[in-house]
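Overview (structure and organization)
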Amino acid sequence: MVGQIVVEKVGKTFGGRPGSPAFTAITGLSCEIAENEFVCLLGPSGCGKSTLLGFIAGHDRPSSGRVTFNGRDIRGPGPERGMVFQQYALFPWYTVKKNVSLGLEAKRLSKSRIDETTERVLKAVNLWEHRDRFPRELSGGMKQRAAIARTLAIEPEVILMDEPFGALDEQTRERLQDELLSIWQGNRRTVVFVTHSVEESVVLADRILVMGRGGRIVSDMANPVPRPRDRLSNGFIDFERQVQLKLREAEQSGASVHRG
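Now for a look at the structure at hand. For clarity, every value in this text was computed on a predicted model and none was experimentally measured.

Looking only at helices and strands, the protein has seven helices and 11 strands in total. By the compact-globule yardstick of 18 Å for 260 residues, the protein fits well, its C-alpha radius of gyration being 19 Å. Counting only residues that meet the buried cut, the protein has 48% of its 260 residues in that class. For the protein, the proportion of contacts with a sequence separation of at least 24, taken over those separated by at least 6, is 69%.

Here you go:
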């Protein structure tokens, strides 16, 4: 079966002009992501995770190869692909409710439909009672929940997340991981989630694509831990150890490609 998202022999080189040496971020990368699958891109900083996510989002284009969505080349951003960033990107002069409803207003939906959808997604992320607050009045975790709600509101087929919980404390991060999984399981979407945390990838993913130096996928690992996942269970800890070993191998070699 052909994946919903297909990445074929993608490469990306930056620079190369006089005074600017060329830098290769990704080399010959190929992968497929199925519809409704939750996939984590795991790897150290600088391995090309966010670059690959940017290709899928349509914010950037590869130097070689192609990326397709439902069989069509991705040539730019589209409403079928929603993005959640680490830095929230909320408009500070709008309330939480207004920030979430902006995308719906751009689609020129009826006021009743906008109100209904905004209420539903804010309740899903436990922010309905804070709907009239401004971003400056929210904690970091609440801001990220508002950003997630804004993406959910436009009902994309794919949700792309670039280390959305990376700047949060451990307790808040775990709570938001659980909330994200609850939303995903209740209303399935394809999710591509960038992280540098092994534990986070094991908590969230159906599959973990471990990336190493040179922007290569060095291991494609199906997650055998049943949901809901207990972070303290033997199965969780054992698979977390396996992923950690693959990540270490990737950091040391950065070349060989294998499936785990």
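Moving on, there is more to tell.
Sheet topology note: the strand E1 (residues 5-14)/strand E2 (residues 23-33) ladder contains seven bridges and is antiparallel. Residue Lys12 lies in a different strand from E2, and its bridge partner there is Ile26.

Enumeration according to the criterion identifies 16 salt bridges in this entry. In this structure, the salt-bridge partner of Asp60 is Lys12, at a minimum N-O distance of 3.4 Å. You can see Asp60 sitting in the loop between helix H1 (49-57) and strand E4 (64-69) and its partner Lys12 sitting in strand E1, a full 48 residues away along the chain. Here Glu155 ties to Arg120 by a salt bridge, and the two come within 3.2 Å at their closest N and O atoms. One end of the pair, Glu155, is in the loop between helix H4 (140-153) and strand E7 (158-162); the other, Arg120, is in helix H3 (residues 111-124), and 35 residues separate them in sequence. Linked by salt bridges that have partners in common, Glu8, Arg66, Asp73 and Arg75 make up one network.

This part is about the pairing of strand E3 (residues 38-42). With five of five residues buried, E3 is to be regarded as a mostly interior element. Here E3 shows no split at all, with Phe38, Cys40 and Leu42 on one side and Val39 and Leu41 on the other all buried. As judged from the five bridges shared by E3 and strand E8 (residues 190-195), these two strands associate in the parallel manner. From the neighbouring strand, Phe38 faces E8, where its bridge partner is Val191. Sheet analysis places E3 next to strand E9 (residues 207-212), joined by four bridges and oriented parallel. Within E9, the position partnered with Leu41 by the bridge is Leu209.

What counts and how
- Residues numbered from 1 in each chain as written.
- Predicted model: local features only at pLDDT ≥ 70, side-chain atom pairs only at ≥ 80, totals over all residues.
- Heavy atoms only, no water.
- Helix = DSSP H or I, 4+ residues; strand = E, 2+ residues; numbered from the N terminus.
- Rg over C-alpha atoms; globule rule 2.2 N^0.38 Å.
- Buried < 20%, exposed > 50% of the residue type's maximum accessible area, 1.4 Å probe, protein only.
- Contact = heavy atoms within 4.5 Å.
- Pairing = 2+ DSSP bridges.
- Salt bridge = Lys/Arg side-chain N within 4 Å of Asp/Glu carboxyl O.

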